[in-house]
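Given next are the chains, with one letter for each unit.
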Amino acid sequence: MNWTERIFKLSEHNSNVRTELVAGLTTFLTMAYIMFVNPSILGDAGMPKGSVFVATCLIAALGSTIMALYANYPIALAPGMGLNAYFAYVVVLKMGFTWEAALGAVFVSGCLFLICTLFGLRELIIKGIPQSIRVAITVGIGLFLALIALKTAGVVAADGATYVTLGDLHKPEVIMASLGFLLIVVLDRLKVPGALLIGILAVTIASFFFGGNKFQGVFSMPPSIEPTLFKLDIKAALTGGILNVVLVFFLVELFDATGTLMGVARRAGLLVPERMGRFNRSLLADSGAIFVGSMLGTSSTTAYVESAAGVQAGGRTGLTALTVAVLFLACLFIAPLAGVVPGYATAPALLFVACLMLKDLTEVQWEETTEAVPAVITALMMPFTYSIANGLAFGFISYAVLKLFTGKVREVHWIVWLIAAVFLFKFIYLGGH
């Protein structure tokens, strides 16, 4: 019996080494865009892009390795989309916190996440928060990402009279971003592996000819991670003004990671009673990766829904995730390529991810207004106030108030009352920002 069989039990899962390696490559190609997008987004918050690139590759490799060896799951981890945008554009640029304090908030939320997982509170919280709010969080983040992507691409611009308006469609950047988005959608529809990555690289190549971009080479030794390593400011994260940020990180991590793990595991046929112990291990793996990532210098790490592509290709064990980990480590040596990717090249990928996140709207109970209205408020307030936290706050408060005044108090879990009270306290005593 070879080591792959001994560690990953391939025959038990009706799989083999070749299938798992192909599945790992497929998953990697569908999520490799994060190497370019994450440094671009966190770089806008003032973080050194080279260090963020290294941190992104390292935590993706480390997190996926833990998932592979500890849980034996074909699910890869990396810094999550949506939370990185919230980290950069809201917590740092809008609320005025340093990126070190924001990393501290990620660390604290990761510790809370791990404690909740260890003591079984994670499952209790998930069961307590209504389906409509859960759905709205995903949809709202999707709308928020869409606004950021359209702004980064130059498709929409600021306007004093109407707040937002159409950008200059004659600019080369806008044209390239638009064509890149269409390319990604077409390739994805044709089931071409790595559609997002191909779209980003295509626009980046075009930027050298039409956008004045300068080629810096492809390969080099990895940049130093020292500028972001252990630079988190935990003390600042525990002050009153940023506590609601910790809550947002925690709640979004909770729903995003758990939902992804359950969805992909179900698709792989791993959510059966005899294998539930491994699911609990997968919960520990993803929660542990969050605070490790914050120490390396990146926003919240989560399970990637793109892992479903690898499962579709036959991945059933941790060997799939281990393959992803090895490929991310190899990518440490392409930092110059990551450094020249402009924001308008990653914007199409961001917009496509946003489009996919909106499909959850179909799960809202539209005929029950005490469920549907708070869901819509949650989703709309995220982009319109440029804050995931505000969306969550208005959603939970409106849900609790509507249930209270329509005689449906018994339908509301105590977790909802607690979160609504926390947000209400925050608005009344700490202000609205």
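- In the nomenclature of an unreviewed UniProt entry, the protein is known as NCS2 family permease of Comamonas guangdongensis.
- The Sequence similarities (unreviewed entry) field of the UniProt record for the protein holds the comment "Belongs to the nucleobase:cation symporter-2 (NCS2) (TC 2.A.40) family. Azg-like subfamily."
- We quote the UniProt Subcellular location (unreviewed entry) comment for the protein here in full: "Cell membrane".

1. Comments concerning the environment of R267
Okay, step 1: With respect to the secondary-structure elements, R267 resides in helix α12 (residues 240-267).
Okay, step 2: In this structure, the C-alpha to C-alpha distance between R267 and V54, residues 213 residues apart in sequence, is 31 Å.
Okay, step 3: In this structure, R267 is in contact with A308, V311 and Q312, ignoring residues within four places of it in sequence.

2. A few points about the pattern of salt bridges
Where charged atoms of side chains with opposite charge meet at close range, the side chains can pair.
Okay, step 1: Taken as a whole and assessed by the stated rule, the structure comprises 5 salt bridges.
Okay, step 2: For E371, the salt bridge goes to K403, with nearest N and O atoms at 3.0 Å. With E371 in helix α18 (residues 369-384) and K403 in helix α19 (residues 388-405), the pair connects residues that are 32 residues apart, well separated along the chain. For the pair E371 and K403, one class covers both residues: buried.
Okay, step 3: Linking K408 and E411 is a salt bridge whose minimum nitrogen-to-oxygen distance equals 3.9 Å.
Okay, step 4: According to the relative accessible area criterion, E411 is partly exposed, its value standing at 47%.

3. Notes on the environment of A157
Okay, step 1: For A157, the position within the fold is in strand β2 (residues 156-159).
Okay, step 2: For A157, a relative accessible area of 33% gives the class partly exposed.
Okay, step 3: For A157 and D168, which are 11 residues apart along the polypeptide, the C-alpha to C-alpha distance reads 8.3 Å.
Okay, step 4: Dropping the residues within four chain positions of it, A157 is found in contact with Y163, V164, T165, L166 and G167.

4. Here's the deal with the packing of aromatic side chains
Okay, step 1: Taken as a whole and judged by the stated rule, the model has 8 aromatic pairs.
Okay, step 2: On the numbers, 5.5 Å between centres and 80° between planes, the contact of Y86 with F249 is edge-to-face. With a gap of 163 residues between them, Y86 in helix α5 (residues 83-92) and F249 in helix α12 connect regions that are remote in the sequence. Both residues of the pair, Y86 and F249, belong to the buried class.
Okay, step 3: The lysine or arginine in question, R281, covers the ring of Y70, its NZ or CZ lying 5.1 Å from the ring centre.

5. A word on unusual backbone geometry
A negative phi angle is the norm for most residues apart from glycine, just as the trans form is the norm for most peptide bonds.
Okay, step 1: Residue N14 is not a glycine yet carries a positive backbone phi of 55°.
Okay, step 2: With respect to the element layout, N14 can be found in the loop between α1 (3-8) and α2 (17-31).
Okay, step 3: For N14, a relative accessible area of 75% translates into the label exposed.
Okay, step 4: Despite not being glycine, Y163 shows a phi value in the positive range, around 75°.
Okay, step 5: On the accessibility criterion, Y163 (71% relative accessible area) is exposed.

Conventions we followed
Residues numbered from 1 in each chain as written. Predicted model: local features only at pLDDT ≥ 70, side-chain atom pairs only at ≥ 80, totals over all residues. Heavy atoms only, no water. UniProt positions renumbered as here; feature names shortened; annotations may be inferred. Helix = DSSP H or I, 4+ residues; strand = E, 2+ residues; numbered from the N terminus. Contact = heavy atoms within 4.5 Å. Salt bridge = Lys/Arg side-chain N within 4 Å of Asp/Glu carboxyl O. Buried < 20%, exposed > 50% of the residue type's maximum accessible area, 1.4 Å probe, protein only. Phe/Tyr/Trp six-rings, centres within 6.5 Å; stacked < 30°, edge-to-face > 60°. Lys NZ or Arg CZ within 6 Å of the ring centre and 35° of its normal.

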